[in-house]
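Single-letter residue listing:
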Amino acid sequence: MNFDEEIDRVGTHSAKWDKMEGIYGVSPEDGLAMWVADMDFRPPEVVQAAVQRMADHGVYGYFGNEGPYLDAIEWWMRERHGWDVPRDGVFTTHGLVNGTGLCLDAFTEPGDGVVLFTPVYHAFARVIRAAGRTVVECPLVQDEAGTYRMDFDAYDAAMTGSERMVILCSPHNPGGRVWSAEELRAVADFAVRHDLVLVSDEIHHDLVMPGESHTPMPLAAPDIADRLVMLTATTKTFNIAGAHIGNVTIADPELRCRFAARMGAMGMSPNSFGMHMATAAYSPEGAAWVDELTGYLDGNRRLFDEAVNTIPGVRSMPMQATYLAWVDFSGTGMEPREFTRRVEKDAKIAVNHGDTFGTGGGAFLRFNVATPRARVAEAGARLQRAFGDLQ
Ligand SMILES: Cc1ncc(COP(=O)(O)O)c(C=O)c1O
């Protein structure tokens, strides 16, 4: 796989490249798209071949026979994560934001509190509010090394009794944390103490940097299966987010029934393109590609961090997983409006604004480094120039 190939995505209806001018005023002609969390790479050949087979056949009817898809999921989760998936508890949704919305609908009532460890993936708060539920922010704290930690004494004290659910992002977007088994155990205990359904969004679980090891929640806390909902997907891992497919996996029969009822009420059935792509992806060929990919992403994050960390007052949080660099500008003493202006107008880089991730995000910008290395190098050089007066 040649991850160095620069593929022009402009004019392909790509959210990342075709919407950045309208949103950030950064032109795709001379700008760099480092916001939306998709990659500028093609998926593995095994996925391309599955799409090609569909096109060659040319009849695009409703999907049937989920057997091979479930086999592929079982194989992948056992092989790559040591997790025995409860096959009967796998529900296929139109992506995981959709899956989160269905969980809110199935397991909470309007007005209920839903706990988030902020800053965290912005769509969680968006769907919670849109569903008429209340976001309950439990801010992460940074230790001396700048790494995010959880502070359960503070979180316990903040609970009011109206909370019904907690959504965990594991590994963490945007902080890039791979939570340890002990930290996951503490989240599970927190869910038990406050009688919360725990939704563990593990969409980034394959994108773990060499030397790091992700623990699936069912392995960290096998005893909380009666309140656990797992969210996983092929889409981040294989860069097929446009296929809009994800899995909500529920071991508990009662929770499963409630979820199935909501899916039925929404008239949901699988997206055929997504099913074929995902089945092909969860394979030995897909696994070899992911191993190559994470090696490449590791090189990109190192290059990016080396460049931005030379700028006085700017620090990129050590990225243990994902391809999203979470960069703290607080040491520059600049207001968010000023450092954001420099990044967007001077460096011409479209990035995610930290305040959209909730409390604690305001001094940060999120940079997506899943792009050919030459662009990452260019981004680093542009940022050094844009903040050159600080040197
Ligand atoms: C934690 C997390 N969950 C879900 C999603 C999106 O999932 P989907 O595209 O399947 O809706 C993202 C995308 O960045 C994410 O970071």
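Analysis parameters
- Residues numbered from 1 in each chain as written.
- Predicted model: local features only at pLDDT ≥ 70, side-chain atom pairs only at ≥ 80, totals over all residues.
- Heavy atoms only, no water.
- Buried < 20%, exposed > 50% of the residue type's maximum accessible area, 1.4 Å probe, protein only.
- Helix = DSSP H or I, 4+ residues; strand = E, 2+ residues; numbered from the N terminus.
- Contact = heavy atoms within 4.5 Å.
- Near = heavy atom within 4 Å.
- Polar contact = N/O pair within 3.5 Å; in protein donor to acceptor, adjacent residues only side chain to side chain.
- Areas by Shrake-Rupley, 256 points an atom, 1.4 Å probe, with all protein chains shown as cover.
- 1 Å grid on protein atoms, 1.4 Å probe; cavity = no way out; pocket = protein on both sides within 12 Å on 5 of 7 lines; lining within 4 Å.
- Sits in = over half its atoms within 2 Å of the grid points.
- Points joined across faces, edges and corners; volume = space filled by probe spheres on them.
- Nonpolar A, V, L, I, M, F, W, Y, C, P; charged D, E, K, R; others polar.
- Phe/Tyr/Trp six-rings, centres within 6.5 Å; stacked < 30°, edge-to-face > 60°.
- Pairing = 2+ DSSP bridges.
- Axes fitted to C-alpha atoms, helices over the stretch in contact; angles between N-to-C directions.
- Salt bridge = Lys/Arg side-chain N within 4 Å of Asp/Glu carboxyl O.

Visitor: Any chance you could break down helix 6 (residues 122-130) for me, citing the residues and the numbers?
Guide: Where helix 6 is concerned, the buried positions are Ala123, Phe124, Ala125, Val127 and Ile128. Close packing links the buried residues of helix 6 with helix 5 (96-107), strand 3 (113-118), strand 4 (134-139), strand 7 (163-169) and strand 8 (197-201). At the exit of helix 6 stands Gly132, carrying a positive phi of roughly 75°.

Visitor: Tell me about the site of the ligand, and name the residues and values.
Guide: The ligand sits among Ala37, Gly95, Leu96, Val97, Tyr121, Cys169, Asn173, Asp201, Ile203, His204 and Lys236. The backbone of Leu96 places a nitrogen or oxygen atom 2.7 Å from an oxygen atom of the ligand. Here His204 contributes a side-chain N or O atom positioned 2.8 Å from an oxygen atom of the ligand. Its free accessible area being 400 Å², the ligand has 92% of it covered by the protein chains. Because more than half of its atoms lie within 2 Å of the grid, the ligand is assigned to the largest pocket.

Visitor: I'd love a proper account of the layout of surface pockets, names of residues and values included.
Guide: Vacant regions in the atomic arrangement are exposed by a probe of water-molecule size rolled over the atoms. If you add up the space inside the largest pocket, you get close to 1,100 Å³. In this structure, the largest pocket is lined by 45 residues; those nearest its centre are Val36, Ala37, Asp38, Lys236 and Ala241. Among the secondary structure elements, those contributing two or more residues to the lining of the largest pocket are helix 5, helix 6 and helix 10 (235-238). Broken down by element, the lining of the largest pocket gets its largest block of residues, 4 residues, from helix 6. For the lining of the largest pocket, the per-class residue count stands at 21 nonpolar, 15 polar and 9 charged. Computed from the structure, the second largest pocket encloses a volume of approximately 210 Å³. Around the second largest pocket, the lining comprises 14 residues; the ones closest to its centre are Phe107, Asp195, Val197, Leu255 and Arg258. Broken down by element, the lining of the second largest pocket gets its largest block of residues, 3 residues, from helix 11 (residues 253-266). Taken together, the residues of the lining of the second largest pocket break down into 4 nonpolar, 1 polar and 9 charged.

Visitor: Pulling in residues and values, what's your account of empty space enclosed by the protein?
Guide: Summed over all chains, the structure comprises 1 cavity of 30 Å³ or more. Looking at the largest cavity, its volume works out to about 40 Å³. Lining the largest cavity are Tyr69, Ile73, Ala233, Thr234, Ile245, Gly246, Asn247, Ala278 and Tyr282. Its residues placed into classes, the lining of the largest cavity shows 6 nonpolar, 3 polar and no charged.

Visitor: Quick one: what's the story with the environment of Ile250, residue by residue and with numbers?
Guide: Within the secondary structure, Ile250 sits in strand 10 (residues 246-250). Non-local contacts of Ile250, meaning those with residues more than four positions away in its chain, are made with Pro86, Gly89, Phe91, Phe107, Leu228, Val229, Leu255, Arg256 and Phe259.

Visitor: Quick rundown of the environment of Thr310? Include the residues and the values.
Guide: Within the secondary structure layout, Thr310 lies in the loop between helix 13 (284-308) and strand 11 (315-316). Sequence-wise, Thr310 and Gly380 are 70 residues apart; in three dimensions their C-alpha atoms are separated by 9.8 Å. Within the structure, the side chain of Thr310 is placed 2.6 Å from the backbone oxygen of Ala307, a separation counted as a polar contact. For Thr310, the side chain forms a polar contact with the side chain of Gln384, separated by 2.8 Å.

Visitor: Can you tell me about the packing of aromatic side chains, naming the residues and giving the values?
Guide: When we look at a pair of aromatic rings, we describe it by the centre distance and by the angle of the planes. Within the structure shown, the criterion is met by 25 aromatic pairs. Here Tyr155 and Phe190 contribute two aromatic rings whose centre-to-centre distance is 6.4 Å and whose plane-to-plane angle is 75°, an arrangement assigned as edge-to-face. With Tyr155 in helix 7 (residues 152-158) and Phe190 in helix 8 (residues 181-193), this residue pair connects regions lying 35 residues apart in the sequence. One exposure class covers both Tyr155 and Phe190, and it is buried.

Visitor: I'd like a description of the sheet that holds strand 4, backed by residues and values.
Guide: Sheet architecture is open: 7 strands sit in the order 2-10-9-8-7-3-4, paired in mixed fashion. Each edge of the sheet is formed by a strand with only one pairing partner; in this case those strands are strand 2 (90-93) and strand 4. When strand polarity is set aside, the average angle formed by the axes of neighbouring strands in this sheet is 25°. Pairing of strand 3 with strand 4, which is carried by 6 bridges, proceeds in the parallel orientation. The residue of strand 4 that forms the bridge with Val114 is Val135. Along the sheet, helix 4 (residues 67-81) makes contact with strand 2, strand 9 (228-232) and strand 10, crossing strand 2 at roughly 110°. In the packing of helix 8 onto the sheet, the strands contacted are strand 3, strand 7 and strand 8, and the crossing angle to strand 7 comes to about 170°.

Visitor: Give a description of the side chain of Thr108 that names residues and reports values.
Guide: Relative to the assigned elements, Thr108 resides in the loop between helix 5 and strand 3. There is a polar contact of 2.5 Å between the side chain of Thr108 and the backbone oxygen of Leu104. Here Thr108 is in contact with Cys103, Val114, Arg133, Arg164 and Met165, once residues within four sequence places are set aside.

Visitor: Can you tell me about the pattern of salt bridges, naming the residues and giving the values?
Guide: Throughout the structure, instances matching the rule amount to 28 salt bridges. A salt bridge links Asp40 to Arg9; the nearest nitrogen and oxygen atoms lie 2.7 Å apart. In this pair, Asp40 sits in the loop between strand 1 (32-33) and helix 3 (45-57) while Arg9 sits in the segment before helix 1 (15-18), placing the two residues 31 residues apart along the sequence. Across the pair, Arg9 and Asp40 agree in class, each one buried. Measuring nitrogen to oxygen at the nearest pair gives 2.7 Å for the salt bridge that ties Glu378 to Arg382.

So far we have only geometry, and geometry alone does not tell us how the molecule works.
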